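Structural description and commentary
Each chain, letter by letter, is given below.
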Amino acid sequence: MEGTRSNIKSGDLLKKIKGITRSILEDICTGRSPSLYIDRFRNYCTDATGNCFCSFDLSIGKEILILQRECHARRLDVLLRVLLAVQQLLQGNRHGSKRDIYYMHPSVFQEQSVVDRAINDICILLHCSRHNLNVVSVGTGLVMGWLRFIEAGRKFDCISSLNTAQPVPVHVEEVKDIVSVAHYILVVEKESVFQRLANDQFCNKNRCIVITGRGYPDVPTRRFLRLLMEKLSLPAYCLVDCDPYGFDILTTYRFGSMQMAYDAKYLRMPEIHWLGVFPSDSEKYGLPQQCLLPLTAEDKSRIEAMLLRCYLQREVPYWRSEMELLLQRGVKFEIEALSVHSLSFLSDEYIPSKIQGLCS
């Protein structure tokens, strides 16, 4: 993988912040209209042939924010307010959440998404990741299995209680002394499936680490998974629902998100494998019609849009073929549909056989 941005120092970021604000003030004092040039990134285009030149770390152009345009003036106002909050966090060596920053000026920001966009713009301007700004997420991920680690002086011993959920660490850059005898990492889309595996004592029977982002994974979950894959040199398998949302979550793990395309190089996991569930599994495992749900018009539109993503044809054409099959069959189903055979079918049969198939 491509490494991290953990070596960026707060002092260097503070110098860059000072340079940006000084430049804006100089423009105002000399009668010039302030402007900011923000690079724009994307982690895919819509050339479905895959014969494109998309790159995770190259800008596709610049957006220019100028004071004369009312919408830009508001964005500059928001950006400078958020930049001030970031400066205070860095100077005080403190951490804050995006929500903390929102509540500093709720009447100005009005929506959390406005703050989120400003934070992304600041990361691009400063050439850093969000955690370098001391802006952290409220972690939602869970982990269990054959793993021990220390985060900021606190010891997490998953091995002593293999099937008990532990929170994924928020300060991933402070994780150290990782110890594991696991053979692989299993990533599951939903907490309900995570709990099913815990109830089945899955980690007692299988030397593995199980992680869930509880839906779309937050940044700490993706960073922690990437760290484990790098430090432990373990294969990772991803299990998601057979629907467009599950597939989008799978691609978020492997390729990163468009919203944070500027950081995709440091968040994506190109080695992760799709374990299931596949459209073809409905026939292979004899799922009754009652387990299958018709695709909605929105589902079909989402699948058609995802099929255009260039990275599917270029890097994982098999995934694209499965998505085409999903659209062709017109039905979707959840991971839990496999429980029609038995409650432990997922743990005892499906997952072990799928992993064996990928390893052979």
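Residues numbered from 1 in each chain as written. Predicted model: local features only at pLDDT ≥ 70, side-chain atom pairs only at ≥ 80, totals over all residues. Heavy atoms only, no water.

As for helix H1 (residues 10-29)
Here H1 spans 28 Å end to end across 20 residues, near enough to the 28 Å set by a 1.5 Å rise per residue. Of the positions making up H1, those classed as buried are Leu-13, Ile-17, Ile-20, Ile-24 and Asp-27. Along the axis of H1, the buried positions cluster into a sector of 95 degrees, meaning they face one direction only. Of the exposed residues in H1, the ones pointing more than 90 degrees away from its buried face are Lys-15, Leu-25 and Cys-29. Looking at the buried positions of H1, the neighbouring elements they touch are strand E1 (35-40), helix H2 (70-91) and helix H5 (112-126). The first or second residue beyond H1 is Gly-31, which carries a positive phi of 85 degrees. (Helix = DSSP H or I, 4+ residues; strand = E, 2+ residues; numbered from the N terminus. Expected span 1.5 Å × (residues − 1). Buried < 20%, exposed > 50% of the residue type's maximum accessible area, 1.4 Å probe, protein only. Arc of directions from axis to C-beta. Contact = heavy atoms within 4.5 Å.)

What about the side chain of Gln-112?
Within the secondary structure layout, Gln-112 lies in helix H5. Exposure remark for Gln-112: the relative accessible area of 18% places this residue in the buried category. Within the structure, the side chain of Gln-112 is placed 3.3 Å from the backbone oxygen of Lys-98, a separation counted as a polar contact. A polar contact of 2.9 Å, which involves the side chain of Gln-112, links it to the side chain of Arg-99. Discounting residues that sit within four places of it in the chain, Gln-112 has contacts with Lys-98, Arg-99 and Tyr-102. (Polar contact = N/O pair within 3.5 Å; in protein donor to acceptor, adjacent residues only side chain to side chain.)

Describing the pattern of salt bridges
In the structure shown here, the tally under the stated rule is 24 salt bridges. With a shortest N-O distance of 3.7 Å, Lys-98 and Asp-116 are connected by a salt bridge. In this pair, Lys-98 is assigned in helix H3 (residues 98-102) and Asp-116 in helix H5, connecting sequence segments 18 residues apart. Residue classification places Lys-98 among the partly exposed residues on the basis of a relative accessible area of 21%. On the basis of relative accessible area, Asp-116 is assigned to the buried category, the value being 15%. Two residues, Glu-230 and Arg-226, come together in a salt bridge whose shortest N-O distance is 3.4 Å. Residue Glu-230 and its partner Arg-226 are located together in helix H8 (residues 219-232), separated by four residues, close to a single helical turn. The class of Arg-226 is buried, set by a relative accessible area of 2%. (Salt bridge = Lys/Arg side-chain N within 4 Å of Asp/Glu carboxyl O.)

Details of the sheet that holds strand E8 (residues 166-167)
Think of a sheet as strands paired side by side through backbone hydrogen bonds, with each pair either parallel or antiparallel. Reading across the sheet, the six strands line up as E8-E5-E11-E10-E12-E13 and stay open at both edges, with mixed pairing between neighbours. The open sheet has two edge strands with one neighbour each: E8 and strand E13 (273-276). Of the strand pairs in this sheet, strand E12 (residues 236-239) and E13 are connected by three bridges, and their pairing is parallel. Across the sheet, Cys-238 pairs through a bridge with Trp-274, a residue of E13. (Pairing = 2+ DSSP bridges.)

Here's the deal with the pairing of strand E10 (residues 184-188)
Counting buried positions over the five residues of E10 gives five, a clear majority of the element. Neither face of E10 is open: one carries Tyr-184, Leu-186 and Val-188, the other Ile-185 and Val-187, and all of them are buried. In the sheet, E10 pairs with strand E11 (residues 208-212) via five bridges, with the strands oriented parallel. Residue pairing across strands places Ile-185 opposite Ile-209, the latter belonging to E11. Taken together, the four bridges between E10 and E12 define a ladder with parallel strand orientation. Directly across from Leu-186, in E12, lies its bridge partner Tyr-237.

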